[in-house]
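# Tertiary structure, described
Listed below are the residues making up each chain.
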Amino acid sequence: MTSELFSPLPLRSGQALKNRIAKAAMEENMAGDGQLPDGQLLSLYRRWAAGGAGLLITGNVMVHAEALTGPAGVVLDERAPLEPFTEWAKAAKSGGGAIWMQINHPGRQVASDMPGVVWGPSDIGVSLGKHSGRFGRPTAMTPRQIEDTVARYAVTARRAEDAGFDGVEIHAAHGYLLSQFLSPLVNKRTDQWGGPLDNRARMLLDIVRAVRAAVSPSFAVAVKLNSADFQRGGFDADDARQVIGMLEPLGVDLVELSGGSYESPAMTGRPADDRTQAREAYFLDLAEDLVKTSPLPLMLTGGITQRATADKVLDSGVAVIGMGTAFAVTPDLPERWRQGREADRHMRLVTWSDKALASAAGMAQVRHQMRRLARGSSPKPGTHPAIALVSELRKQRRALRGYRAWLTNSRATA
């Protein structure tokens with residue numbers, strides 16, 4: 001078997017990942033009081049740290065307290081106490097790997113029952129047919145709001161470094177705010193942030209510049225980018241190729257390729273247009289094309305669970321293997337691969353015809369496993385997706401009450 005999977009990867013910042021395996025970001029939605037990491041997240045990341053991955057990337061940490069992907073999201077802004085994040089970083093680095101914080105703004109992908117703001121490049125809402133009411137109606141961002149958001153990313157990145165994280169990953173995929181600006185289907189602006197790709201990429205590039213200026217040269221800066229949106233007329237592989245080229249001169253260490261959004265959940269293997277139905281390495285065909293011209297090392301995420309698939313992806317020229325669900329089910333998978341073993345459990349596949357509901361149930365299944373890991377229990381991937389979804393909805397209702405109270409109080413004391 002090739003040894004490249006367990007060879008180090010030097011990055012332009014001077015860091016070196018100890019191997020080519022990364023725990024990709026999965027939205028934990030497990031924040032404690034005050035939207036802060038607590039013992040649950042620390043326990044979860046200690047368990048992953050012991051599993052042998054060269055890199056752990058957190059689930060998205062929000063840069064704006066009034067714009068969360070879910071009511072139990074973690075917030076790191078200028079007002080958040082740093083000690084809980086310092087403890088999180090220590091737990092995640094306890095196995096000798098690196099820890100990067102994924103930083104994000106949801107834009108228009110905010111549930112309709114959430115307090116706060118629902119912003120987008122334009123006032124175009126999320127289109128999910130009969131499920132469209134799940135999301136709030138966005139308002140188009142003003143230039144001042146765009147500039148303030150750029151600054152928020154830089155603040156979060158600087159504070160992540162202060163807390164002991166090794167890097168940040170700027171989330172510009174999966175239909176969140178920066179992905180919305182990149183998409184010609186969502187971004188209908190006629191000013192400097194809309195129209196041609198150079199303009200649609202402006203906010204992402206400004207954020208990368210601001211983050212790079214706010215942190216030390218040895219701190220890693222990565223970007224998560226859709227290889228394609230899997231919506232006709234949307235952001236496509238040629239757009240991705242051009243954006244990767246735009247990122248290269250800005251000091252980016254790594255670009256992670258994924259795909260899809262809530263409207264076309266290709267990251268779960270169920271895109272709206274059915275162009276990828278692979279059970280392993282959903283986006284490998286697109287990555288094989290992009291890697292030929294990419295001036296930056298690429299990480300590929302999406303459906304990888306087997307060593308043979310990981311080796312195939314590396315052989316294509318991709319530098320890092322990213323896995324999410326596989327780590328929720330088998331937290332020690334890298335160490336198993338090192339020993340010549342494979343995972344003995346796999347997540348139950350959600351095959352419901354309603355793709356939006358199936359995507360939500362699939363994410364609920366993953367969170368159910370993460371909570372079990374955090375409690376020190378073994379994964380139970382055979383849990384019925386309907387049971388996981390109902391349990392998740394109950395937890396989110398409780399978290400929503402807490403978030404509303406916290407946000408109201410934080411506004412009152414601002």
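All of the points below concern the structure found in this document.

For the protein chain, the helix and strand inventory stands at 13 helices and 14 strands. For 414 residues, the compact-globule estimate of 2.2 N^0.38 gives 22 Å, and the protein chain sits close to it at 19 Å. Expressed as lengths along the three principal axes of its C-alpha atoms, the size of the protein chain is roughly 55 × 45 × 45 Å. Residues counted as buried form 62% of the 414 residues belonging to the protein chain. By sequence separation, contacts in the protein chain at least 24 residues apart represent 71% of the contacts at least 6 residues apart. Element-wise, carbon and sulfur atoms account for 50% of the exposed surface of the protein chain, whose accessible area totals about 15,300 Å².

Tracing the sequence through the fold places Gln 365 in helix α12 (residues 355-374). Here Arg 348 takes part through its backbone oxygen, which lies 3.4 Å from a polar atom of the side chain of Gln 365. For Gln 365, the contacting residues outside a window of four places in its chain are Met 347, Arg 348, Val 350, Pro 381, Thr 383, Pro 385 and Ala 388.

A word on the packing of helix α6 (residues 202-214) against helix α7 (residues 237-247). In the contact formed by α6 and α7, the axes pass within 11 Å of each other and the chain directions differ by 30°. By the angle between their axes, α6 is roughly parallel relative to α7. As α6 packs across α7, the resulting crossing turns out to be right-handed. Where α6 abuts α7, its residues Leu 204, Leu 205 and Val 208 lie against Val 243, Met 246 and Leu 247. Residue classes in the contact of α6 with α7 are distributed as 6 nonpolar, no polar and no charged.

This part covers the packing of aromatic side chains. Taken as a whole, this structure holds 5 aromatic pairs when the rule is applied. When the centroid spacing of 6.4 Å and the interplanar angle of 45° are considered together, the rings of Phe 85 and Trp 88 count as tilted. With Phe 85 and Trp 88 both in helix α2 (residues 83-92), this residue pair falls 3 residues apart, about one helical turn. Trp 88 carries the same exposure label as Phe 85, and that label is buried. Put simply, the rings of Tyr 45, Trp 48, Phe 85, Trp 88 and Phe 165 pair up and form one aromatic cluster.

The subject of this paragraph is the pattern of salt bridges. Any two side chains of opposite charge can pair if their charged atoms end up close together. Evaluated as defined, the whole model comprises 21 salt bridges. Across the pair Glu 4 and Arg 20 runs a salt bridge whose closest N-O atoms are separated by 3.7 Å. Residue Glu 4 is located in the segment before β1 (9-10), and its partner Arg 20 is located in the loop between β2 (16-17) and β3 (21-23); the two are separated by 16 residues in the primary sequence. Of the residues examined, Glu 4 reaches a relative accessible area of 29% and is grouped as partly exposed. Overall, the relative accessible area of 10% leaves Arg 20 in the buried class. The salt bridge partner of Asp 238 is Arg 241, with a shortest N-O separation of 3.1 Å. With a gap of 3 residues between them, Asp 238 and Arg 241 both fall in helix α7, about one helical turn apart. The exposure class assigned to Arg 241 is partly exposed, which follows from its relative accessible area of 25%. If you follow the salt bridges from partner to partner, you end up with Glu 27, Arg 367, Arg 371 and Glu 392 in one network.

A word on the pairing of strand β11 (residues 220-226). Most of β11 is tucked away, with 7 of its 7 residues classed as buried. Burial along β11 is two-sided: Ala 220, Ala 222, Lys 224 and Asn 226 and Val 221, Val 223 and Leu 225, pointing in opposite directions, are all buried. Here strand β10 (residues 167-172) runs beside β11; their pairing, made up of 6 bridges, is parallel. Bridging from a neighbouring strand, Val 168 pairs with Val 221 of β11. Pairing between β11 and strand β12 (residues 254-258): 5 bridges, direction parallel. By the bridge assignment, Val 223 is partnered in β12 with Val 255.

Here we come to the nonpolar core. Phe 85, Ile 170, Met 203, Leu 204 and Leu 247 are the most contacted members of the largest nonpolar core, which has 97 residues in total. Contact partners of Leu 247, with chain neighbours within four places excluded, come to Leu 204, Leu 205, Val 208, Val 223, Val 252, Val 255 and Leu 296. The next biggest cluster of nonpolar side chains, apart from the first, holds 16 residues, and it includes Leu 11, Leu 17, Ala 220 and Leu 254.

All right, on to the packing of helix α3 (residues 143-163) against α6 then. The relative placement of two packed helices is expressed as an angle between their axes plus a distance between the axes. Relative to each other, α3 and α6 sit at 35°, their axes nearing to 8 Å. In this structure, α3 crosses over α6, and the sense of that crossing is right-handed. Facing α3, whose interface residues are Ile 146, Thr 149, Val 150, Tyr 153, Ala 154, Ala 157 and Arg 158, α6 presents Met 203, Asp 206, Ile 207, Ala 210, Val 211 and Ala 214.

Let's shift gears to helix α9 (residues 307-315). Among the residues of α9, those classed as buried are Arg 307, Thr 309, Ala 310, Asp 311, Val 313 and Leu 314. The elements touched by buried residues of α9 are α8 (284-291), β13 (298-301), β14 (320-323) and α11 (333-338). Following α9 by one or two positions, Gly 317 adopts a phi angle in the positive range, close to 110°.

Of all the positions in α8, only Leu 284, Ala 287, Leu 290 and Val 291 are classed as buried. Viewed end-on, α8 has its buried residues packed into an arc of 120°, placing them on one side of the element. Of the surrounding elements, those touching the buried residues of α8 are α7, β12, β13 and α9.

What counts and how
- The numbers attached to residues start from 1 for each chain and follow its sequence in the written order.
- Reporting of local features is limited, given that this is a predicted model, to residues whose pLDDT is at least 70; pairs of side-chain atoms are given and counted only at 80 or more, and all residues count toward the totals for whole chains, interfaces and linings.
- Only hydrogens and water are removed before side-chain values are computed, so all heavy atoms of the structure are retained for them.
- Every helix listed is a DSSP run of H or I at least four residues long, and every strand listed is a run of E at least two residues long, numbered separately from the N terminus.
- C-alpha atoms define the radius of gyration in this analysis, and the globule rule sets the expected value at 2.2 Å times the number of residues to the power 0.38.
- Burial status follows relative accessibility: with a 1.4 Å probe on protein chains alone, a residue under 20% of its type maximum counts as buried, one over 50% as exposed, and anything between as partly exposed.
- Contacts are assigned to residue pairs that have any heavy atoms within 4.5 Å of one another.
- Using a 1.4 Å probe, the Shrake-Rupley method yields the accessible areas, and only the shown protein chains count as cover for residues.
- Polar contact is defined as a pair of N or O atoms within 3.5 Å, subject to the rule that within protein one atom must be able to donate a hydrogen and the other to accept it, and that residues adjacent in sequence are counted only when both atoms are side-chain atoms.
- Helix axes are fitted to C-alpha atoms over the stretch in contact, other axes to C-alpha atoms as well, and angles between N-to-C directions run from 0 to 180 degrees.
- In these notes the angle categories are as follows: under 35 degrees is roughly parallel, over 145 is roughly antiparallel, 65 to 115 is roughly perpendicular, and the rest is oblique.
- Here is the rule for handedness: rotate from the far helix to the near one, and if that takes an anticlockwise turn smaller than a right angle the crossing is left-handed, while a clockwise turn gives right-handed.
- Under the scheme applied, nonpolar residues are Ala, Val, Leu, Ile, Met, Phe, Trp, Tyr, Cys and Pro; charged residues are Asp, Glu, Lys and Arg; polar residues are all the others, including Gly.
- Two rings from Phe, Tyr or Trp (for Trp, the six-membered ring) form a pair when their centres sit within 6.5 Å of each other. Planes less than 30 degrees apart are called stacked, planes more than 60 degrees apart edge-to-face, and all others tilted.
- Salt bridge, as applied in this entry: a Lys or Arg side-chain nitrogen positioned within 4 Å of an Asp or Glu carboxyl oxygen.
- DSSP bridges decide pairing: two strands pair if at least two such bridges lie between them.
- The criterion is simple. A nonpolar core is a set of buried Ala, Val, Leu, Ile, Met, Phe, Trp, Tyr and Cys residues joined through side-chain atoms within 4.5 Å.
- By definition, the arc is the one covered by directions from the helix axis to the C-beta atoms.

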